[in-house]
Amino acid sequence: MTALLETRGVWQRFGGLVANSDVSISVGRGEIVGLIGPNGAGKSTLFNLIAGVLPPTQGSIWFDGEDVTNMPAAERCQRGVGRTFQVVKSFETMTVIDNVIVGALVRNTVMREARRKAHEVLEFTGLAARADVLASDLVPAEKRRLEVARALATEPKLLLLDEVLTGLTPTEAQTGVALVRKVRDAGITVLMVEHVMEIVMPLVDRAIVLDLGKVLVEGKPSDVVRDPKVISAYLGDRHAVGA
Amino acid sequence: MDKNFAARRRRDLIIAAVLVALAALAPLLIKDVYVQNILILTLMYAALSQSWNILSGYCGQISLGHALYFGIGAYTTELLFTKFGVLPWFGMLAGGVIAAIIAMGLGYPFFRLRGHYFVIATIVIAEIGLLLFQNWEWAGAAMGITVPVRGDSWLKFQFMRSKLPYFYFALVLCSLAWFVTWWLEDSKWGFWWRAVKDNPEAAESLGVVVFNSKMGAAAVSAFLVAIGGAFYAQFLAYIDPESVMGFQFSLLMALPAVLGGIGTLWGPVLGAAILIPMTELTRSYIGGSGRGVDLIVYGALIVAISLALPRGLVSLFSRSKAKGATR
């Protein structure tokens, strides 16, 4: 079976800066894959390339057996790519339910069905009690959850999570972890960018470590965290010697 | 929760029906032609502002150039009528279609602009339109077009003896613009527009084709405004570029919505009901010597509203939203 998502030799340059160089990764159906790396490793750039915010300078991106390299974000969403934003982008003047309905309208053209789907997603994500609140009145952790709910309402095959667990309290993070597992159990493949290793490692099936725009290491989380290259990338060479 | 939502929609519809019924009976009590005139203008501006609100309120693309579409509606109708004998009813529709096409043609380059740049572009384009019409000999240039009087007739949409037919048409137009907005509010387009206004990037990630959404909003908005323009031309029975395409029309479409509540269903109607009578009354009391005093009045009003009630006057009525909030 082919991978759900594949990047083939992807490069992204911003002027003289190379954000991604020759990145080839693949995500299989039903996996939870963590994309990790220190600050400035090129995680967010790669993430945006996959979501379709901009096309790569070079290389190609394949989703569900189709070349989507130059496909705009809206169309990728229709094909089954859902995403969240690191800096939350709620529709602030709309209620929580209305935010989610926007997502649900991708696959439900009849309003009543879209509304029902949105309510279903709010149940699933634990936001049902907040349905009629304005998005601007949510607390930060709820806003993160709304990002996920909105993306789930588009009924994606692949859910891209951009640092949804970063900056949460330990309890909130645990709730978030449980939600991600639930999403995978619902049959949705997850690719998550995370900064904090402790949270993601127990959660993911596979981790891909980016450093300086390249894939550094890829493998099972338990192996990755012990890899000297990863330790040196995160902590500097001095610490890697001891490992 | 769905029940609440459906109930609110139904309540809006009932309130609207009652208001329309009351308005329809108003001429029984109000015989004074001057007051009738004010009512007609109020209804017309309510309709225009409601239409403006679709693009600028719901979709968030602030236009200060809608006078262009108003003028196009007026000119299409009168040029077709005086030059080719086409009945105003068809001219009105033709004007709406032409305005919608022009709105999309202009949207093609301008919807790539954001925020203030878009607003400036709309002002400039409307001014260019005004200049073109002032110099277009075939369309009467600065002299304008006098609509030939052929006696009272619904067919020719022309009434000299009584203003009531205009009143009822304005009422229908206002109801239509309101109903279109009501219907759009719970439609795919309505949701897309609000999403585009709040955050285009997030909208795009949820499958909304932002550019097409803006084009759709522009077309609907321009179409309805042009119908209003056609009405106004028939009502005045005389048009010239300044009197149907002047910048004041762009302002008078935006202000009621801003005053009442931008991007809301009731805002434009409420705003127009306050602003237009006020404008007309100040104008007539102060007379020719105080030209522009009405502008000072609504300038002050807008400042007061944006300071005290940034969501417009309708926010006084909607406490349900505030109750659900945590703060």
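This is a predicted model, so every value here is computed, not measured. (Residues numbered from 1 in each chain as written. Chains lettered and ligands numbered in written order. Predicted model: local features only at pLDDT ≥ 70, side-chain atom pairs only at ≥ 80, totals over all residues.)

**Considerations on the overall build of chain B**
And then number 1: Across its full length, chain B carries 14 helices and 2 strands.
And then number 2: Compactness check: chain B gives a C-alpha radius of gyration of 20 Å against a globular reference of 20 Å for 327 residues, within 12% of the reference.
And then number 3: Judged by the C-alpha coordinates and their principal axes, chain B covers about 60 × 50 × 40 Å.
And then number 4: Taken across its 327 residues, chain B has 46% of its residues classed as buried.
And then number 5: Taking as baseline every contact in chain B between residues at least 6 positions apart, the subset at least 24 positions apart corresponds to 75%. (Helix = DSSP H or I, 4+ residues; strand = E, 2+ residues; numbered from the N terminus. Rg over C-alpha atoms; globule rule 2.2 N^0.38 Å. Buried ≥ 20, exposed ≤ 12 C-beta atoms within 10 Å, placed from the backbone. Contact = placed C-beta atoms within 7 Å.)

**Digging into the sheet that holds strand 6 (residues 81–83) of chain A**
Think of a sheet as strands paired side by side through backbone hydrogen bonds, with each pair either parallel or antiparallel.
Residues and elements named next belong to chain A.
And then number 1: Read from one edge of the open sheet, 6 strands run 6-7-8-3-9-10, paired in mixed fashion. Only two strands of the sheet have a single neighbouring strand rather than two, namely strand 6 and strand 10 (214–219). Recorded for the sheet is a direction-independent mean angle of 20° between the axes of neighbouring strands.
And then number 2: Packed on one face of the sheet, helix 1 (residues 43–51) meets strand 3 (32–36), strand 6, strand 7 (158–162), strand 8 (189–193) and strand 9 (206–211) and runs near 150° to strand 7.
And then number 3: Against the sheet, helix 6 (residues 170–185) makes contact with strand 3, strand 7 and strand 8, and its axis sits at roughly 150° relative to strand 8, the strand it touches most. (Pairing = 2+ DSSP bridges. Axes fitted to C-alpha atoms, helices over the stretch in contact; angles between N-to-C directions.)

**Quick notes on the interface of chain B and chain A**
And then number 1: Across the boundary between the two partners, chain B contributes 24 residues, which contact 28 residues of chain A.
And then number 2: Among the elements of the structure, helix 7 (188–198), helix 8 (200–205) and helix 14 (319–324) of chain B are those that each provide at least two residues to the side of chain B that touches chain A.
And then number 3: Split by residue class, the side of chain B that touches chain A holds 9 nonpolar, 6 polar and 9 charged. (Nonpolar A, V, L, I, M, F, W, Y, C, P; charged D, E, K, R; others polar.)

**Considerations on helix 11 (residues 247–260) of chain B**
All names here are of chain B.
And then number 1: For helix 11, with 14 residues, the first-to-last C-alpha span of 21 Å sits near the 20 Å given by 1.5 Å per residue.
And then number 2: When we look at burial in helix 11, the residues that qualify are Phe249, Ser250, Leu252, Met253, Ala254, Leu255, Pro256, Ala257, Val258, Leu259 and Gly260.
And then number 3: Tucked into the core, helix 11 has its buried residues touching helix 2 (33–58), helix 3 (67–84), helix 5 (116–135), helix 12 (267–286) and helix 13 (293–308).
And then number 4: Phi turns positive one or two residues past the end of helix 11, at glycine 261, with a value near 140°. (Expected span 1.5 Å × (residues − 1).)

**Digging into the sheet that holds strand 2 (residues 17–27) of chain A**
All names here are of chain A.
And then number 1: The 4 strands are arranged 2-1-4-5 in an open sheet whose pairing can be described as antiparallel. If you trace the sheet from one side to the other, it starts and ends with strand 2 and strand 5 (66–67), each paired once.
And then number 2: Taken together, the 7 bridges between strand 1 (residues 5–14) and strand 2 define a ladder with antiparallel strand orientation. Paired with arginine 13 across the strands is valine 18, a residue of strand 2.
And then number 3: In the packing of helix 1 onto the sheet, contacts are made with strand 1, strand 2 and strand 4 (58–63), and the angle to strand 1 comes to roughly 120°.

**Quick look at helix 1 of chain A**
And then number 1: Most of helix 1 of chain A is tucked away: 7 of the 9 residues are buried.
And then number 2: Two residues or fewer after helix 1 of chain A comes glycine 52 of chain A, characterised by a positive phi angle close to 95°.

**As for the nonpolar core**
And then number 1: In terms of nonpolar packing, the biggest core is built from 170 residues, with Val100 of chain A together with Met44, Ala170, Ala222 and Ala226 of chain B touching the most fellow members.
And then number 2: Per element, the largest residue contribution to this core is 16 residues, and it comes from helix 9 (residues 210–236) of chain B.
And then number 3: Apart from the residues within four sequence positions on either side, alanine 170 of chain B is in contact with Ile40, Leu43, Met44 and Phe231 of chain B. (Core = buried A, V, L, I, M, F, W, Y, C linked by C-beta atoms within 7 Å.)

**As for unusual backbone geometry**
And then number 1: Residues other than glycine seldom take positive phi values, yet aspartate 22 of chain A does so here, at roughly 50°.
And then number 2: Within the fold, aspartate 22 of chain A resides in strand 2.
And then number 3: Classification of aspartate 22 of chain A by C-beta neighbours within 10 Å gives partly exposed; the count is 15.
And then number 4: One non-glycine residue, alanine 237 of chain B, lies in positive phi territory at about 65°.
And then number 5: What makes alanine 237 of chain B partly exposed here is the crowd of 15 C-beta atoms within 10 Å.

Remember that the coordinates give geometry; whether it matters functionally is a separate question.
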